[in-house]
Structures are given as structure tokens and as C-alpha cells.
Amino acid sequence: MTSPVRLALLGCGTVGSDVVRLLHEQSADLAARIGAPLEIAGIAVRRLGRDRGDLPVDPALFTTDPLGLIKRDDVDIVVEVVGGIEPARGWLVEALRAGKSVVTANKALLAEDGATLHDAAAEGGADLYYEASVAGAIPLLRPLRESLHGDRINRVTGIVNGTTNFILSAMDATGAGFAEALEEATELGYAEADPTADVEGFDAAAKAAILASLAFHTRVTAADVYREGITEVTAADVASAKAMGCTIKLLCIAARGTDPAGRETVSVRVHPAMIPLTHPLASVGDAFNAVFVEAEAAGQLMFYGRGAGGAPTASAVLGDVVAVARNRLAGVRAASESAYADLSVRPMGEALTRYHISLDVADRPGVLEAVAGVFARHEVSIATVRQAPAGEGSDAELVIVTHVAPDAALAATVRALRGLDIVRSVTSVLRVEGGA
């Protein structure tokens, strides 16, 4: 075998520790696959004195100087599992410009400013791999950027956040409300002490931006992604979905389309939606992730598995390390960023979707006619209507599912409904996807 390929590991938390363990446990196999052994040159951490248990690594390798570690001549590959925008961006740009390939799991940085990293990689002639940034151990990004490059992807729909999927699955299974399901997720370790990034959709939006960038050869940032979380989903919404033969999932949806002038565009959004139980994503439960890809030649493809956790993410990191190390030994560089299409991102108002709307209305003649008139004025067609007593006084519940329409027209319809005297309240608005 040739000389060792040496790694600088930035971060040694849950994921970083599992990277170290897998490197140790699989050292012989990894060396055989690459054609050279992998060695850790150093590990950058915040605190040197932290107890790291039985981690199989020489304590002398730890340092609090990440830039110094990156600049060392004996470092070939930089592996970043710290997360966040800064100082990670500065570290990785430094490494890439110096010709040192980077493997990162940093979805937030890639979604906010992936362009800077790709430009630095091109400048330094280095590889930038980030399979672990989306959907944990699921082999997803490499198929999008390599295996499907001979095809045209039209749509990517995914469940890419395990915390929210666990919460919604628990609500569906037990009838619990959001707060109760979140409490269970926290107790079981599926939700962070501050779950905002997950339940408000920020995590999924970052992943949606990365998926859309790869699928549509266009630079998409997290700021381009329309985002809604799941905090407003109620037990009544879940029950209503069941009555329709549906379930509710937090979806990331990236799709090709055309603007009013006929120019090709892409829309990217994250929000809770009802999907029919026959949809492949409907059966994805617990904290699992799954992504459904629709391509012209390949047809429908499904990627499913553990979307988070130390070991699954470390598995994806090491898969990238093997690829980068092989490239280095062969003296080649992987295909660079593909952003040639440069499609414009359409605003959410132009996205085509359907609404499920629950109204608390006065139970008297003419109500349905007045409500239907609002939909007609906004050129939104009604697919189904269901009315039932609301259980209090003279009010009734009106549940309406629309046909497909621009989201702006649907949202305007809801605003107009709120202004009707006969509408006591709009109790729920959810989008419907997948042909339910």
C-alpha cells in the first residue's frame, strides 16, 4: 500500500466520535477499499479536558487550533462535523483553496452559502463532498449528482426531518396533540431541548435547498425555500386527514415548472401536508426519512432509511472520505458543481397545490352559497364539501377540499373567508399533496 491518507477532523461530538470509532473498527477494510490506510492527523475541539470515554484515539491528537490543524502539510482531507455558519465557513474555505478536499455534514452552511464553498473547491482543485448533510446514512446526494446525471429530474418530495416525522407519526397513531407528541419525542431523545429548528421547518428547508440545487442544476439557498413548521397541526387536523384516507407529513417539495412567460423555473417549499395513504411516503413512520424522486427516464425512485444519529451520519461521512481518498490517490478530482441551468426560483404564490380548509360557520340557510361564492371569485374550484354540527350553539363545521390552484389564489380565498360575517373562524388550513 501507499503512504497513509491523513485526516483533520473538526469536531468530536456525537457524529465526530462515531467517525473516530468507525475509522478504528474498520481500518483494515477501509484501507483495502482505498488502497492506502486512513490516519487521523489531528482532531480540533473546543475543550481539551472533556471526558471522551473510551474513544480509541491518542489524546495527543486533540487541539483547540482548527486553522493550525488545517494548514499542516501532513493533512490531506478535512472532515467537518461541527456545524453552523461561522467559523466553519472560514475553515473550509481555507482548506479548499489550499487544495485539501473537504467532507462535511454541515447542511446549514451548504444551504446558506454553498456557492462560496464550491467556488473555493474549484479554485483549489479540491473535492467537496457532503452526503451526510441530508438524510443521514441514506445514499441520496450522490445518486442525484452522479447516477441521475443522464436523466431529467422533475420533482423531489421528501420527509427529511426525523423529529417532526416522529411527532406527526405519534399524533396519527395515538390521537395526541402536538405538545404531547413533542414531549414524548423529547423524552425519547428524538427532539432537542430547543426543537425550534426542527418543528419550525428550518432544518428541512436547508436540506430542501441542497436537494433542489443538485436535482435542478441551480444554486438554491435556504432563503429561497418557502417554510412552514408543524406547530399549528392539531389532533383535529390529523383526524380529518384520516377521514379522507390521508396522513399528515412535513414535506420538502422541489419541482420544475414554468412561469407565466413560459420560462422554466423551480419551486422549493417545506410545509405540513396531507398525503393519501397510498403514497409511498405515507408509510414512513417513527424518525425515519425518505425521499421520493420523479425523473423522466428512470421514473419513480424511493430512498429510505435512518435520517439522523451519530452512527448513520458517520457512515455517510466515511463513505465520502473513501471516495475522496480514492480520487486523491488516482490524481483526479470529482465532477465539480453543476449549476449550469441557473433556473429562477418561483415564489410560493405561484406554486400549484390544493387546500384542506376547516371553517366554523353559522348554521343557517345560504351559508354554503356564500362560501362557494368566495371560492368562485378567486377562481378556485371546490373538489369536496362536508358539513357537520360543530357541537356548540348554532354553529356548524364546514370542511372543504379544493382542486389544484396557485397558492396565492388559495391563500387569498382563505383571507376572504375570514372576512365573512357567517364565518366564525377558519379553524384549520392544510395543503394536500399527492393526488388525494
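Computed from a predicted structure; not experimentally measured. (Residues numbered from 1 in each chain as written. Predicted model: local features only at pLDDT ≥ 70, side-chain atom pairs only at ≥ 80, totals over all residues. Heavy atoms only, no water.)

## Concerning the environment of Ala173
- Looking at where Ala173 falls in the secondary structure, it is placed in helix α7 (residues 162–174).
- On the accessibility criterion, Ala173 (64% relative accessible area) is exposed.
- Sequence separation between Ala173 and Val238 is 65 residues, and the spatial gap between their C-alpha atoms is 9.6 Å. (Helix = DSSP H or I, 4+ residues; strand = E, 2+ residues; numbered from the N terminus. Buried < 20%, exposed > 50% of the residue type's maximum accessible area, 1.4 Å probe, protein only.)

## A look at the pairing of strand β4 (residues 77–80)
- Of the two faces of β4, both are covered, the one formed by Ile77 and Val79 as well as the one formed by Val78 and Glu80.
- Across four bridges, the pairing between strand β1 (residues 5–10) and β4 is parallel. Bridge assignment links Leu9 to a residue of β4, and that residue is Val79.
- For the segment spanning β4, helix α4 (residues 88–97) and strand β5 (residues 101–104), crossover handedness is right-handed. (Pairing = 2+ DSSP bridges. Right-handed = clockwise from strand over helix to strand, strands pointing away.)

## Thoughts on the sheet that holds strand β2 (residues 38–44)
- Here we have six strands laid out as an open sheet, ordered β3-β2-β1-β4-β5-β6, and parallel in their pairing. Edge positions in the sheet fall to β3 (62–63) and β6 (128–129), since each of these pairs with one other strand and no more.

## Thoughts on helix α5 (residues 107–124)
- Between its first and last C-alpha atoms α5 spans 22 Å; for 18 residues at 1.5 Å apiece the expected length is 26 Å, and the helix comes up short by more than 12%.
- At Asp113, α5 shows its strongest bend, of approximately 90 degrees.
- Listing the buried residues of α5 in full gives Leu109, Leu110, Ala111, Asp113, Gly114, Leu117, His118, Ala120 and Ala121.
- Buried positions along α5 lie against α4, β5, β6 and α10 (202–216). (Expected span 1.5 Å × (residues − 1). Bend = angle between axes of the 7 residues up to and from the residue. Contact = heavy atoms within 4.5 Å.)

Honestly, that's just the spatial picture; any functional story needs more than this.
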